[in-house]
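Chain residues, written in single-letter form:
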Amino acid sequence: MEQVNMIKIDNIKLKAGDFELNTSFEIIEPLYCVILGHTGSGKTLLLESICGLLQSKGDIYINNKLISDLPPRKRNIGYVTQSGELFPHLSVRQNILFPLKLRDASTELQDLKFTEVTKLLRIEHLAKRSITHLSGGERQRVALARALAYNPDILILDEPVSALDEHTRDIICLELKNIQQTLDIPVLHVSHSFDETKLIADFVFIMQNGSVVQSGTIHDLINNPLNEYVSRFVKRN
């Protein structure tokens, strides 16, 4: 039986000024994976390349399907940024249903998916609320609901909890982990915090200067760091 690579990044290259992204990795199981690295290591460039927001060289596969040449909306990736990128002029319900409307989903399907994702995230009571009246944690839940509404093949989260206070961060992280396990889909979560990573990660990719320099479990990173950068990173955080 052919092995299904849920995510495969094959020799992705992208130049941004003097900085160059140049890396490869793959995820075979539906795991909660964290891309860990300091600011400027290339984490967001990598995510934006996977999502198709930036044009890079190399091949990107989702479920063994080559998606490198597809536009962002056809890659079926759920993408949540740090700020959530919600539309302030739309209600919570309208924000969540926006990608389904773009895909010309029926009213019945929109109602069904809205019920499913808001129940999963426990935000049913926010349906008519204005985006401007949401807390930071509520905004991230709405952004996540929008990303999940169209059944993505993978979920990509770019620093989704970095703007939240520590208590809210921990709650949202545990909710994210629970959602990943409930839906059984792979997650790529970008972070610069090893403490945050330890809360959620099944597997970790550490980035330095545009490349993945080590990958493994939390136990692997702590006990078998491959270089000084990794060693200092996991011990300092």
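Residues numbered from 1 in each chain as written. Predicted model: local features only at pLDDT ≥ 70, side-chain atom pairs only at ≥ 80, totals over all residues. Heavy atoms only, no water.

### Considerations on unusual backbone geometry
Our working rule: The way it works is that DSSP assigns letters per residue, a run of H or I at least four long becomes a helix, a run of E at least two long becomes a strand, and they are numbered from the N terminus. Between buried and exposed lies partly exposed: a residue is buried under 20% and exposed over 50% of the maximum accessible area for its type, with that area taken using a 1.4 Å probe on protein chains only.
The phi angle at Arg122 is positive, at roughly 60°, despite the residue not being glycine. In this fold, Arg122 is placed in the loop between α3 (107-121) and α4 (136-148). Even without a glycine there, the phi angle at Asp184 is positive, about 55°. Within the secondary structure, Asp184 sits in the loop between α5 (166-183) and β8 (187-191). Take Asp184: its relative accessible area is 49%, and that puts it in the partly exposed class.

### Some remarks on the pattern of salt bridges
Stated precisely, the cut-off is as follows: Any Lys or Arg side-chain nitrogen found within 4 Å of a carboxyl oxygen on Asp or Glu counts as a salt bridge.
The tally for this structure, following the rule as stated, stands at 9 salt bridges. In this structure, the salt-bridge partner of Glu175 is Arg141, at a minimum N-O distance of 3.0 Å. Note that Glu175 is positioned in helix α5 and Arg141 in helix α4, a separation of 34 residues in sequence. The salt bridge involving Asp202 is made with Lys177; its shortest N-O contact spans 2.5 Å. In this pair, Asp202 sits in the loop between α6 (194-200) and β9 (203-208) while Lys177 sits in helix α5, placing the two residues 25 residues apart along the sequence. Classification of Asp202 as partly exposed rests on a relative accessible area of 29%. Each of the salt bridges in this network shares a partner with another, and the network as a whole consists of Arg122, Arg141 and Glu175.

### Section: the sheet that holds strand β2 (residues 19-27)
So the rule is basically this: Two strands form a pair only when DSSP identifies at least two bridges running between them.
As summarised here, the arrangement of the 4 strands in space is β2-β1-β4-β5, forming an open sheet in which the pairing is antiparallel. For this open sheet the edge positions go to β2 and β5 (65-66), each flanked by a neighbour on one side alone. Pairing analysis gives 2 bridges linking strand β4 (residues 57-62) to β5, with the strands arranged antiparallel. Opposite Tyr61, over in β5, you have Leu66 as the bridge partner.

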